[in-house]
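Reading the structure
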Amino acid sequence: MKIGVFICHCGENIGRTVDCPRVSKAAEWFPGVVHSVDYKYMCSDPGQNMIKDAIREKGLDAIVVGSCSPHMHEKTFRKAALDAGINPFLCEMANLREHVSWVHDDIEEATQKAIDLTRMAVEKVKRNQPLATIKVPVTKRTLVIGGGIAGIQAALDVANAGYEVVLVEKEPSIGGHMSQLSETFPTLDCSQCILTPRMVEVYQHPKIKLMTYSEVEKVEGFIGNFHVTIRQKARHIDASKCTGCGLCITKCPIRKKAFNSFEEGMAYRPAVYVPFPQAVPNIPVIDETVCTYYKNGKCGVCVKVCGREAIMFDQQDKLVTEEIGAIIMATGYKLYDISKKPDDSFIKGYGEYGYGKYKDVIDGLQFERIASASGPTSGEFKRPSDGKEPKKVVFIQCVGSRDDSKGFSYCSKICCMYTAKHAMLYKHKVHDGEAYVFYMDIRSGGKMYEEFVRRAIEEDGVKYVRGRVSKVYEQNGKYIVKGEDTIAGMPVEIEADMVVLATAMIAQENASTLAQTVGIPYDKYGFFNEAHPKLRPIESTTGGIFLAGACQSPKDIPESVAMASAAAAKTMVLFGSDMLEREPVVARVNELLCGGCFYCRKVCPYSAIEVREIKDRNGVVIKEVAYVNDGLCQGCGTCTATCPSKSVELMGFTNEQIFAQIAAL
Amino acid sequence: MENNLKAGYFPGCSQTGTAREYDLSLRSVAEKLGTELTDVDDWNCCGATSAHVTNHTLANALAMRNIVQAEKQGLTEMVAPCAACYNRLIVSQHETQIHPELKKEIEAILDSKIENPVQVMNIVELFTKIGADKVKQAVVKDLKELNAACYYGCLLLRPSDITHFDDAEQPTSMEELIKLTGAKPVEWNFKVECCGAAHSIARKDIVVDLSKKILDDAVAHGANVMVVACPMCHTNLDMRQKAIKKEYPEHKEIPVLYLTELIGLALGMDEKELGINLHTVKFELKKETA
Ligand SMILES: Cc1cc2nc3c(=O)[nH]c(=O)nc-3n(C[C@H](O)[C@H](O)[C@H](O)COP(=O)(O)OP(=O)(O)OC[C@H]3O[C@@H](n4cnc5c(N)ncnc54)[C@H](O)[C@@H]3O)c2cc1C
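On a predicted model such as this, the values are computed, not experimentally measured, just so you know.

1. Thoughts on the overall build of chain A
- Looking only at helices and strands, chain A features 18 helices and 34 strands.
- Within chain A, the fraction of its 665 residues that count as buried is 53%.
- Accessible surface, chain A as shown: approximately 30,000 Å² in total, 52% of it carbon and sulfur.

2. Concerning the site of the ligand
Residue and element names in this part refer to chain A.
- Near the ligand lie 37 residues; those nearest to it are Glu169, His177, Tyr333, Lys421 and Lys555.
- Contact between the ligand and Glu169: an oxygen atom at 2.6 Å from a side-chain N or O atom of the residue.
- Here the ligand loses 97% of its free accessible area of 1,000 Å² to cover by the protein chains.
- Of all the secondary-structure elements, those providing two or more residues to the shell around the ligand are helix 6 (149-160), strand 8 (183-184), strand 19 (333-335), helix 11 (364-371), helix 12 (415-429) and helix 15 (557-575).
- Residue composition of the shell around the ligand, by class: 17 nonpolar, twelve polar and eight charged.
- Counting the residues that make up the shell around the ligand, at least three belong to each of domain 2 (141-232 + 317-332 + 508-574) and domain 4 (334-506).

3. Side note on the state of the cysteines
- Evaluated as defined, the whole model comprises one disulfide over all chains.
- Two residues, A:Cys190 and A:Cys193, share a disulfide whose sulfurs are 2.3 Å apart. Measuring the twist about the S-S bond at about 85°, one finds the A:Cys190-A:Cys193 disulfide to be right-handed.
- A residue is classified by how much of its surface remains accessible, and A:Cys190, at 28% relative accessible area, is partly exposed.
- Exposure remark for A:Cys193: the relative accessible area of 49% places this residue in the partly exposed category.
- A:Cys68 carries a free sulfur, and the closest cysteine sulfur to it, the one in A:Cys10, is 6.2 Å from it.
- A residue is classified by how much of its surface remains accessible, and A:Cys68, at 5% relative accessible area, is buried.
- For the unlinked cysteine B:Cys194, the closest cysteine sulfur is that of B:Cys195, found at 5.7 Å.

4. Description of the domain arrangement of chain B
Residues and elements named next belong to chain B.
- When cut into domains, chain B gives domain 1 (6-123) and domain 2 (131-278).
- Here the C-alpha centre of domain 2 lies 23 Å away from the C-alpha centre of domain 1.
- At the junction of the two partners, domain 1 supplies 25 residues and domain 2 supplies 28 residues.
- Both sides of the domain 1 and domain 2 interface together cover about 2,200 Å² of buried area, and 73% of this is carbon and sulfur.
- Viewed at the interface, domain 2 and domain 1 are joined by zero salt bridges.
- Here the side of domain 1 that touches domain 2 gets nine residues from one element, more than from any other, and that element is helix 2 (residues 20-32).

5. Here's the deal with the pairing of strand 21 (residues 392-399) of chain A
Residues and elements named next belong to chain A.
- For strand 21, the buried fraction is high: seven of the eight residues fall into the buried class.
- Inspection of the sheet shows strand 21 paired to strand 22 (residues 434-439) by five bridges, in the parallel sense. Within strand 22, the position partnered with Phe395 by the bridge is Val437.
- Regarding the hand of the β-α-β motif, the stretch spanning strand 21, helix 12 and strand 22 is right-handed.
- With five bridges joining them, strand 21 and strand 27 (residues 498-503) adopt parallel strand pairing.

Criteria and cut-off values
- Residues numbered from 1 in each chain as written.
- Chains lettered and ligands numbered in written order.
- Predicted model: local features only at pLDDT ≥ 70, side-chain atom pairs only at ≥ 80, totals over all residues.
- Heavy atoms only, no water.
- Helix = DSSP H or I, 4+ residues; strand = E, 2+ residues; numbered from the N terminus.
- Buried < 20%, exposed > 50% of the residue type's maximum accessible area, 1.4 Å probe, protein only.
- Areas by Shrake-Rupley, 256 points an atom, 1.4 Å probe, with all protein chains shown as cover.
- Near = heavy atom within 4 Å.
- Polar contact = N/O pair within 3.5 Å; in protein donor to acceptor, adjacent residues only side chain to side chain.
- Nonpolar A, V, L, I, M, F, W, Y, C, P; charged D, E, K, R; others polar.
- Domains from an automatic or database assignment.
- Disulfide = S-S within 2.5 Å.
- Contact = heavy atoms within 4.5 Å.
- Buried area = accessible area lost by both parts, 1.4 Å probe.
- Salt bridge = Lys/Arg side-chain N within 4 Å of Asp/Glu carboxyl O.
- Pairing = 2+ DSSP bridges.
- Right-handed = clockwise from strand over helix to strand, strands pointing away.

Structure follows, in structure tokens:
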């Protein structure tokens, strides 16, 4: 076997700490090496040509490139090998940058280590087998989970490209949090006005199958080939008959038993309801937990008034399965709940602001509803306790965010903006009112964002106080806000009529459970993890599953929409070919050796191991062995480490290769 | 009585001086409830204030010596009725648990191993340990005439990561306890506001202002008595009412009881037995006939 070694200086990156010419000289003496050179930039065109020329001229069978991490340039050099006519998997890399020059100072020791690593790679490549990429077919249908603005945008983009979409939303209507907002920063356009046309577009799109009041229950399969089970919760309304006339809703006698969650608990809703008048679809649901019929079998007013006989008290949940090629996660966020003592140990909560003791201490979404023309006060500023117009409103930012000791460490990112918006909206309607904002820093990066905050301060006269609030308490009908003005270096006390807390944006209730169902990683807060924070922010680490919107981290609407379109584009990349190619770094079972203990099956984190029956000539099963599904296997190697009979090997990382590498050290 | 509690008792300096009545009432109440308190032998300063603001090692060594003394007596539980003592003791236990180096250093100073088996309780926890049922059964006098503002101050609850006791911002444990006596807890704002603590000596003016705010809020919310669990709080809220009156002649006085005194009254003891007569602001229950 003829092996070529190519040592890269990476400009100064490696060359500064590693004596590259010496490494290349040393490699000349490794058994099997017939050619060894060093060069300033091996990844550059001339560098790659050096490799290709050497392969052709010297008739090399395999190459080792000593340069950066394989994450960076393995693809580049394998491509060069392929171009020059050798199997790309006969190219190995020795990481002389991340593993050597970037982490060591001593030139002598670093050079020695570089030589060692190169020798190890040479020993490995001698035992490499030519491998062929694996091909799997693709089902060109997309599942979007979550029908907020991110999910809506992703669904529309994919559908408009001509591919079918299944959009699953757990609530009775799509729209998400954006449907609750009054006006949106930084332009103050009406949220509903820009959102509802898109909701209707989704509903009417021939390529979109909309499933509201539904949740994903099971996801099996792999990229291009997912089998998804969806639970359609019983609405108790026959959707095919209902015209959305709303008569059942207006006649339902249960008026004050259930809080209206769309109005953030500031109003009631009947037992049969649509979340809000512009709901899509405009088909109500019956809430079994409050409906009298489910208590004692009586009432049935809705049945009497419905001219279409659409009420179905005995309707059951339905399980639907769908064949899917790509999944877009768009389940959004929720706000940290200030109204109750937190029960998880992660966050200690803010008893100093009252834990929901004071009706006029509200959160941002409640404020949105008060400010909204369609809200419980028809957009007039009236405080929840007594309906009076508040003349002094205090806004407190970072409640739960950026708080290591009591809350979450991260910045919720959008609260600086929406608080400025809130204060502005308030000042626009209550001209003689005063608005105070307590803040730590103002973080308003974004196009026209800083200008927006300045407008609140300079044109609308919102008073910004830099400091934290230590306590809010009620005294003689006023809320005393005790805080610190860190610029003046003085404690301050403000007698407010209403207090608005900008609470942390946190992961959805069951985000981690859903992540486990779907099979994607999430961070310690429950936000879904991207594959790479910079270069792969849209993809999860699981092939074919993409992320959009606030389910990945706190985000505003423009960012959520941008991410959604990017996720849609990613699915189209996937659907661009009929067969998928993937790296052949997968586990392989030696069926002759496999004893069928299936320990590998228990430890496989990707459920990639199946049972295969081995039959004799007469079709009688003689044994069961493990079988690796190439589509699912991620090449982690857990099975190879577990197998007691050493009958499963990871292609490209066989025991023989690894031991040869170690022995070379 | 069976199942009687046996616990160590770390009095601390206040209990032998400014807060003699706290000591007195605790001992009497404990006896009435069949709880056997064993004083820690040869106890010393807990390390509060002066020590822990000047020398970390000294402060921890002082506190840990008391723990080790209790340990040697075979005590597994110990009550420290003074909130500052309680705080110093559990904070030092915590520090020596999480910093092995510090533990070694203190062990060398004390010439003794630290095993840390002693569970330090504050006064509220002592009553929880004795049991609500037991306290309730022993109540002979209904204190329904009392509308009590329970005041926790700072050291009883904080740092909550170490005390693991009640909610540091909206505590309710004292309220639950005094309900057993028929007294009515009032809902008020300043359960955990600062009373000025040791500023009482050097900056009386600060304490006068802070304590007045606390007392006024209690009165405004309908309290006719305050209940405290800390000698320092008691000093500031009770003793300093004279100074408050001087500064603010319109000030309405309100009596301040130790938690143990209030429970003592419910158990049928009189004001004198409990040392309530030693307070600056006078307090007496209404006479039966009145
Ligand atoms: C007070 C406040 C004011 C704001 N103001 C502005 C503003 O002025 N301008 C701006 O740009 N942004 C604003 N935002 C931010 C804006 O709300 C978000 O950027 C946006 O809603 C994110 O969209 P999303 O689709 O990612 O998530 P969401 O809006 O949260 O939508 C997620 C959807 O997924 C559904 N879902 C959740 N879990 C599941 C599940 N398991 N299965 C199926 N469906 C599920 C939910 O029901 C929901 O419909 C504001 C936010 C707050 C809190």
